[in-house]
Amino acid sequence: MNYYVLTLFPQMILDGLNTSIIGRAVKKGLLSLEAINIRDYADNKHGKVDDYPYGGGAGMVMQAQPVYGAYEALCKRIERKPRLIYLTPQGRPFHQEMAKEMAKEKELIFLCGHYEGIDERVLEEVVTDYISIGDYVLTGGELPAMVMMDCISRFVPGVLSNESSGEWESFQNDLLEYPQYSRPKEWRGKEVPDVLLSGHHEKIEQWRQNQSKERTKKWRPDLYIKYKENQKKTSL
Ligand code: ADE
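Residues numbered from 1 in each chain as written. Predicted model: local features only at pLDDT ≥ 70, side-chain atom pairs only at ≥ 80, totals over all residues. Heavy atoms only, no water.

Trainee: Help me out: how do you make sense of the overall build of the chain in this one?
Mentor: Within the chain, the secondary structure is distributed over 9 helices and 9 strands. The C-alpha atoms of the chain give a radius of gyration of 22 Å, which is well past the 18 Å a tight globule of 236 residues would have. Its C-alpha atoms give the chain principal-axis dimensions of about 70 × 40 × 40 Å. In the chain, which comprises 236 residues, the share counted as buried stands at 40%. Once local pairs closer than 6 in sequence are excluded, the contacts in the chain between residues at least 24 apart make up 73%. In the structure as shown, the chain presents an accessible area of about 14800 Å², 50% of it carried by carbon and sulfur atoms. Charged side chains in the chain number 32 positive and 34 negative. The centres of these two groups are separated by 6 Å. (Helix = DSSP H or I, 4+ residues; strand = E, 2+ residues; numbered from the N terminus. Rg over C-alpha atoms; globule rule 2.2 N^0.38 Å. Buried < 20%, exposed > 50% of the residue type's maximum accessible area, 1.4 Å probe, protein only. Contact = heavy atoms within 4.5 Å. Areas by Shrake-Rupley, 256 points an atom, 1.4 Å probe, with all protein chains shown as cover. Lys, Arg positive; Asp, Glu negative; His and termini not counted. Charge placed at Lys NZ, Arg CZ, Asp CG, Glu CD.)

Trainee: Would you take a moment to explain the site of the ligand for this structure?
Mentor: Residues in close proximity to the ligand include Leu 87, Thr 88, Pro 89, Ile 131, Ser 132, Ile 133, Gly 134, Tyr 136, Val 137, Leu 138, Gly 140 and Pro 144, which together make up its full environment. Here a nitrogen atom of the ligand and a backbone polar atom of Gly 134 are 3.1 Å apart. In the environment of the ligand, a nitrogen atom lies 3.0 Å from a nitrogen or oxygen atom belonging to the backbone of Leu 138. Here the ligand loses 96% of its free accessible area of 260 Å² to cover by the protein chains. Secondary structure elements with two or more residues in the shell around the ligand: strand S5 (83-93) and strand S7 (129-132). Counting residues per element, the shell around the ligand draws most heavily on S5, which supplies 3 residues. In the shell around the ligand, the residues fall into 8 nonpolar, 4 polar and no charged. (Near = heavy atom within 4 Å. Polar contact = N/O pair within 3.5 Å; in protein donor to acceptor, adjacent residues only side chain to side chain. Nonpolar A, V, L, I, M, F, W, Y, C, P; charged D, E, K, R; others polar.)

Trainee: Would you mind going over helix H8 (residues 201-219) with me for this structure?
Mentor: The terminal C-alpha atoms of H8 lie 27 Å apart, and with 19 residues this matches the ideal 27 Å at 1.5 Å per residue to within 8%. Turning to H8, its buried residues are Ile 204, Trp 207, Ser 212 and Thr 216. In an axial view of H8, the angular spread of the buried residues amounts to 165 degrees, which keeps them on one side of the axis. Those residues of H8 that are exposed and aimed more than 90 degrees away from the buried face are Glu 202 and Lys 218. Residues of H8 that are buried make contact with helix H9 (221-235). (Expected span 1.5 Å × (residues − 1). Arc of directions from axis to C-beta.)

Trainee: Looking at this structure, I do not really get unusual backbone geometry. What am I missing?
Mentor: Apart from glycine, the bulk of residues carry a negative phi angle, and the bulk of peptide bonds sit in the trans form. The amide bond that connects Arg 183 to the next residue, Pro 184, takes the cis arrangement and shows omega of 5 degrees. Structurally, the position occupied by Pro 184 is in the loop between helix H7 (162-165) and strand S8 (186-187). Even without glycine at this site, Arg 188 takes up a positive phi of about 50 degrees. For Arg 188, the location among the structural elements is in the loop between S8 and strand S9 (190-191).

Trainee: How do you make sense of the nonpolar core when you look at a structure like this?
Mentor: Nonpolar side chains in soluble globular proteins tend to be buried together. Tyr 3, Phe 110, Met 148, Met 149 and Ile 152 are the most contacted members of the largest nonpolar core, which totals 28 residues. Of all the secondary-structure elements, those providing two or more residues to this core are strand S1 (2-7), helix H1 (10-17), helix H2 (20-27), S5, helix H4 (96-102), strand S6 (107-111) and helix H6 (142-153). Here this core gets 6 residues from one element, more than from any other, and that element is H6. Not counting chain neighbours up to four residues away, the residues in contact with Met 148 comprise Ile 85, Leu 87, Phe 94, Met 102, Phe 110, Ile 131 and Ile 133. (Core = buried A, V, L, I, M, F, W, Y, C linked by side-chain atoms within 4.5 Å.)

Trainee: Which parts of the structure should I look at to understand a nonpolar patch on the surface?
Mentor: Taken together, the side chains of Phe 9, Met 12, Tyr 136, Leu 138 and Leu 143 present a nonpolar region at the surface, about 450 Å² in accessible area. Here Tyr 136 lies in the loop between S7 and H6. (Patch = residues over 30% accessible without salt bridge, like charges linked within 9 Å, V, L, I, M, F, W, Y side chains within 5 Å. Salt bridge = Lys/Arg side-chain N within 4 Å of Asp/Glu carboxyl O.)

Trainee: Explain the pattern of salt bridges to me, please; I cannot follow it from the model alone.
Mentor: Where charged atoms from two side chains of opposite charge come close, those side chains can pair. Per the stated rule, a full pass over the model turns up 13 salt bridges. Between Arg 154 and Glu 169 there is a salt bridge; the shortest N-O distance is 2.6 Å. Highlighted residues: Arg 154 in the loop between H6 and H7 and Glu 169 in the loop between H7 and S8, separated in sequence by 15 residues. Given the relative accessible area of 29%, Arg 154 is considered partly exposed. Close ionic contact of Asp 222 with Arg 220 constitutes a salt bridge, the shortest N to O distance being 2.9 Å. Each of Arg 83, Arg 92, Glu 101, Glu 105 and Asp 129 takes part in one network of salt bridges that share partners.

On their own, these measurements won't tell you what the molecule is for.
This is how it looks when you write it as structure tokens:
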């Protein structure tokens, strides 16, 4: 997977993703990450990339020209027109299944806006997916782009260790993950549940499944309803 990020803050992207699991995957050549500074494509010598909004209102708008310049130069260089994701609170809500599907792409471009947004005309020209990471407003698209790249990368073969990639995780079958414990057996008077020490795999599976259901019911009743509905459908 090759990621390209069009941004006014390239260092933020590199600082945020070049460590830990994603950094290791980049070093191994499983992923590549390029942060492209939109300002480098401004057609004025001051590197100005924003202007006042037509019709008035607070803040500034990122202009179409430098965004399009950065996009066009990239597509020309890589000789492809990949899917382009624009991060915006107005987009479709991001979720795990979407990440899995996007991980099948060979490359993805992320466009990060700032200020009051980007001139609509360039968005109409270049964006294939408008995506939000939740119902709250951030100062720019860089953190949402990093959230998406982190999540998508987990589905790129080889990024996670073999053991963990096939493992149970939250949102599988619309249930949250069960609680985990490690050594010591007792910590501050709290014991690890007996069943986990029993070595009885079936019982452990049962217990974990029950914990998942209880957690989902308590913390994410919306997901639990979805889970129950799917259970009903599959038993028909
Ligand atoms: N830009 C600002 N807020 C955002 C959000 N919640 N999701 C995606 N992009 C954003």
